[in-house]
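# Residue-level structure breakdown
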Amino acid sequence: MSERDAPPGDPDPLRKLSALLSRLPGIGEKSALRLALSIVRADPEYKAVLAETIDTVRTTMRSCEICRDLSHAARCGICSDARRDRATICVVAHPQDRMAIERSGVFRGLYHVLHGVLDPLAGVGPAELQINTLLERLRDDTVTEVIVATSPNVEGDATALYISKIVSPLGVRVTRIASGLAVGGELEYADLSTLHRALEDRRPL
Ligand SMILES: [Zn+2]
């Protein structure tokens, strides 16, 4: 449909696409327009696959019923992998932290994704995080160690301490990854050997 045929009040699709892209983190108005123009000029096959993939993400992505990580099935690939060590749970703040640790290949246990860290000033308390679901997983005696792998900054440390306070009384060992990462550094940007050392040198909390 050319612009002339568009019914009045129907927004220009290029402008609409650009406005939608500009809502993504780190994308300003200029970048959004550049991306929108690239998509418009891309070959039809790319556009079809892009649209299809966004629709698949929309209809299938959800939380894994066990670890709360993003998953396209009721249980994610890691939780349903029988070869993983079910006695150890590594607690991370965000899905991208889980991905970073998984890329390092050093951890063979299971994960739990909190979807944030405690941040009282921003109104994020324990109820806003996936903490109750973590406690539910510790009900039977399968899990013997919880490794808290939140980033070594104020919020990450506070979250680790809070988890230690509520998990330790259940008789589960709680450890914290070593802060080999630069202070305040984000876990997802750590290189592989740093992540490896941080996990190997974890300390009791
Ligand atoms: Zn899972």
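Residues numbered from 1 in each chain as written. Predicted model: local features only at pLDDT ≥ 70, side-chain atom pairs only at ≥ 80, totals over all residues.

Counting 36 residues, the largest nonpolar core has Cys 90, Val 91, Val 92, Val 146 and Ala 149 as the members making the most contacts within it. Of all the secondary structure elements, the ones that give two or more residues to this core are strand 3 (88–92), helix 4 (95–104), strand 4 (110–113), strand 5 (145–148), helix 6 (154–167) and helix 7 (192–200). Counting residues per element, this core draws most heavily on strand 3, which supplies four residues. Those residues in contact with Val 91 that lie beyond four places of it in its chain are His 112, Leu 114, Leu 134, Val 146, Ile 147, Val 148, Ala 149 and Ile 163. (Core = buried A, V, L, I, M, F, W, Y, C linked by C-beta atoms within 7 Å. Buried ≥ 20, exposed ≤ 12 C-beta atoms within 10 Å, placed from the backbone. Helix = DSSP H or I, 4+ residues; strand = E, 2+ residues; numbered from the N terminus. Contact = placed C-beta atoms within 7 Å.)

This part takes up the domain arrangement of the chain. Domain boundaries in the chain define domain 1 (12–60) and domain 2 (82–204). Each of domain 1 and domain 2 has a C-alpha centre, and these two points are 34 Å apart. (Domains from an automatic or database assignment.)

Hydrogen bonds between backbone groups are what pair the strands of a sheet, and the pairing can be parallel or antiparallel. Within the open sheet, the five strands sit side by side as 4-3-5-6-7. Their pairing is mixed. Unpaired on one side and paired on the other, strand 4 and strand 7 (203–204) mark the two borders of the sheet. Sheet topology places strand 3 next to strand 4; four bridges connect them, and they run parallel. Across the sheet, the residue bridging to Ile 89 is Leu 110, located in strand 4. The strands touched by helix 4 are strand 3 and strand 4; relative to strand 3, the strand with the most contacts, the crossing angle is about 130°. (Pairing = 2+ DSSP bridges. Axes fitted to C-alpha atoms, helices over the stretch in contact; angles between N-to-C directions.)

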